[in-house]
Amino acid sequence: MNVDEVRKTLQRFGWADYLVFTLMLASCAVIGIHFALKMRRKSKKTCNIKDAEDDYLVGGRKMKLFPITMSLISSFISGITLLGTTTDVYLYGTQYMYTIGSLLIMGLIMYSIFLPVFHELKLISTYEYLEARFDKRTRFLGSTLFIFGSMAWLPIVIYVPAIAFNQATGINIHQITPLVCLVCIFYTCVGGLKAVVWTDVVQTIIMLGAMTLVLVKGTIEIGGPGVVFRKALESGRIEPPNFTLDLTERYTAYSLFIGGIAHWLKSNAINQNMIQRYLALPTLKMARTAVWTFITGIIIFLLICGYCGLLIYATYSECDPLQTKLTQHKDQLLPLLVMDTLGDFPGLPGLFVAGVFSAALSSLSTGLNSMSAVILEDFFKSWVTTPLTATQTAYIMRSVVVIFGAICVALVFVVEKLGTVLQLSITLSSVSNGPLLGIFTAGVMLPWVEELGILFGGITSLIFMVWLCVNAKLNEAKGIKIDIRKPSSVAGCNYTFSDFTALSLVADNSTEIVKEVSPSGFHIYNISFLYYTMLGALITITIASIASFCLGFNKVEHVEPKLLSPFVRRWLDRRNERKHAFHLSKNTKLRSGKVQMKQSETKA
């Protein structure tokens, strides 16, 4: 058989698979309707607009720890993680998995610096903080960056499960994405945060079940975990941390740790999508517990995805499906493995595709609900002069979900042209989230930074990040910067194929991409994409500090203490105590001196 015939034989999505997939969508819609009816009954009992907003956007701030934790995990583990991480490990080895260390450090920073501030302020939109700490212009900048960052990220989230569905069924991705997203927009629109959270619970269970099923069945098919790890070691996919100082290396210990901390912080500590869930918990203690349970869940999923990447290589070590074009997209490797190992079991491929779509729907619903909160709080309420009625508020919140959901579906046409999803997601999100991380970090940690300084720093960083990321993608498209992938082979293929000129064959029938060097030498836009967020944050903080020095630093005592992290509050308290002790000592010495002078005058 040729490669096209093999591909068609693997597209065995039967009626049982469609049934499982349809039941997943139907359960999400039912949950949305359930919470919509509950909110309707509650709204009839009370006419309080504030309560209605809190119920829709933050679940009335009375959510339980278990569903919120599951929602945090589900929102974060999109199809980008499930498919993108497995593809990355297949192509470049396990180096990326060392980012787990930076994830733990992020948890400590989130726990002690950011979360106490946001939870104490009882916010709905995280960007309300920016107006309280700086001014309305900074809040508008932060909200705008969030909207653009979400609109760059959410189409990728939608695209990923669509290519999995395409690999399993052969149905065009632009036929399935509108249908599935319509269900997501529906339950997010009518049910609010509670519907989003409880559908996330269902979707997390489906995701975990689907990935575990693939892991177990695939390992049995290949001959056990010993075979998986042996082949991974032989191909160099399992390796110690890379301590090279080359900034252009895709992954090094430094980019994964230093850049990784910034990447995880922007995704969790300042992201409206995530913070909105922490704020739905009634106490700071519960929110802090949610941080660590969330991190535990993320580590479990990352380890599963990393192992599945090695499993894919062990399965196709003698016949690389990328070189033979058995998969049309790099991120279809995991769906290929699923159809190859589970295709003969009715309903199981459907369960996997439902799991990947569950991850996507969770992230999409989270993003749409968060944008609804930001548009309402930071745009409408900040700029309208008369208070909004309950009807106007409800209309705005739900219209935002529908409009931005439709835009995200349309942007899938753009995303499919831009490359592998893990790198693409981190690169595009860093454009807005790098400056945002710098703005929030300066806000909670540097009380002397003032309004115009942070505004100038954020805008400068944004311009730089756009220039950096555009040039990086252009270099990638031109082939000036190509990351080295691990070797693979086509020596054992039992089907015919052609058109693999993009890879160079070497003597032992393995394939290796040769890294090209830019003819004009090192350029900053050739650095690893993991540094992007950190670089954007550092530029914001540096420029803001310099501008604040030129314009005149904030008077630290004028900054409201609750707008600063507990660490900075304690530092300011000690500083004030020292100043008080100094003035007290000075006054004591002055009084002592005056007494001595009077005694001398009396003697004279």
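What you are looking at is a predicted structure, and each value in this text was computed from that prediction instead of being measured.

Take the nonpolar core next. Phe21, Tyr129, Tyr278 and Phe294 are the most contacted members of the largest nonpolar core, which totals 167 residues. Tallying contributions element by element places helix H13 (residues 284–315) first for this core, with 18 residues. If we ignore the near neighbours within four places in the chain, the residues touching Phe294 are Thr69, Leu72, Ile73, Phe76, Met106, Asn268, Met274 and Tyr278. Core analysis: the second largest hydrophobic core is formed by 5 residues, Val559, Leu564, Val568 and Leu572 among them.

Glancing now at the state of the cysteines. Counted by the stated rule, this structure contains 1 disulfide. At a sulfur-sulfur separation of 1.9 Å, the disulfide partner of Cys319 is Cys493. The S-S bond linking Cys319 to Cys493 shows a torsion near 105°; that makes this disulfide right-handed. Of this pair, Cys319 sits in the loop between H13 and helix H14 (333–342) while Cys493 sits in the loop between strand S1 (488–489) and strand S2 (504–505), and the two are 174 residues apart along the sequence. Neither Cys319 nor Cys493 differs from the other in exposure class; each is buried. Counting only cysteine sulfurs, Cys305 is the nearest neighbor of Cys308, a cysteine outside any disulfide, at a range of 6.5 Å. You can call Cys308 buried: its relative accessible area is 0%.

Counted according to the given criterion, the structure contains 9 salt bridges. Where Arg139 meets Glu131, a salt bridge forms, and the shortest distance between an N and an O atom there is 2.6 Å. On the basis of relative accessible area, Arg139 is assigned to the buried category, the value being 8%. Salt bridges sharing partners connect three or more residues here, namely Glu131, Arg139 and Asp378.

On to the packing of helix H6 (residues 100–121) against helix H11 (residues 253–268), then. Where H6 contacts H11, the two axes come as close as 8 Å, and the packing angle between them is 50°. With respect to their mutual orientation, H6 and H11 come out oblique. Crossing of H6 against H11: the hand is right-handed. On the side of H6, the interface is formed by Ser102, Leu103, Ile105, Met106, Ile109, Met110 and Phe114, while H11 contributes Leu256, Phe257, Gly260, Ile261, Trp264, Leu265 and Asn268. Class assignment of the residues belonging to the contact of H6 with H11 gives a composition of 11 nonpolar, 3 polar and no charged.

Attention now goes to the side chain of Ser489. With respect to the helices, strands and loops of the structure, Ser489 is situated in strand S1. Take Ser489: its relative accessible area is 9%, and that puts it in the buried class. Here Ala491 takes part through its backbone nitrogen, which lies 3.0 Å from a polar atom of the side chain of Ser489.

Applying the stated criterion to the full structure yields 15 aromatic pairs. Plain terms: the ring middles of Phe118 and Tyr129 are 5.8 Å apart, the flat faces sit at 85° to each other, and that makes the pair edge-to-face. Residue Phe118 is located in helix H6, and its partner Tyr129 is located in helix H7 (residues 128–133); the two are separated by 11 residues in the primary sequence. Using a relative accessible area of 0% as the deciding quantity, one classes Phe118 as buried. On the basis of relative accessible area, Tyr129 is assigned to the buried category, the value being 0%. These aromatic residues form a ring-pair network of at least three members: Phe114, Phe118, Tyr127, Tyr129, Phe146 and Phe440. Above the face of the Tyr90 ring, Arg237 is positioned so that its terminal group lies 5.3 Å from the ring centre. The aromatic ring of Tyr111 is capped on one face by Arg288, whose charged end is 4.4 Å from the ring centroid.

In this section: the environment of Leu336. Checked against the element boundaries, Leu336 lands in helix H14. When its relative accessible area of 0% is taken as the criterion, Leu336 is described as buried. A C-alpha to C-alpha distance of 9.2 Å links Leu336 and Gln11, two positions 325 residues apart in sequence.

Scoring rules and cut-offs
- Residues numbered from 1 in each chain as written.
- Predicted model: local features only at pLDDT ≥ 70, side-chain atom pairs only at ≥ 80, totals over all residues.
- Heavy atoms only, no water.
- Core = buried A, V, L, I, M, F, W, Y, C linked by side-chain atoms within 4.5 Å.
- Buried < 20%, exposed > 50% of the residue type's maximum accessible area, 1.4 Å probe, protein only.
- Helix = DSSP H or I, 4+ residues; strand = E, 2+ residues; numbered from the N terminus.
- Contact = heavy atoms within 4.5 Å.
- Disulfide = S-S within 2.5 Å.
- Salt bridge = Lys/Arg side-chain N within 4 Å of Asp/Glu carboxyl O.
- Axes fitted to C-alpha atoms, helices over the stretch in contact; angles between N-to-C directions.
- Parallel < 35°, antiparallel > 145°, perpendicular 65-115°, else oblique.
- Left-handed = near helix turned anticlockwise from the far one by under 90°.
- Nonpolar A, V, L, I, M, F, W, Y, C, P; charged D, E, K, R; others polar.
- Polar contact = N/O pair within 3.5 Å; in protein donor to acceptor, adjacent residues only side chain to side chain.
- Phe/Tyr/Trp six-rings, centres within 6.5 Å; stacked < 30°, edge-to-face > 60°.
- Lys NZ or Arg CZ within 6 Å of the ring centre and 35° of its normal.

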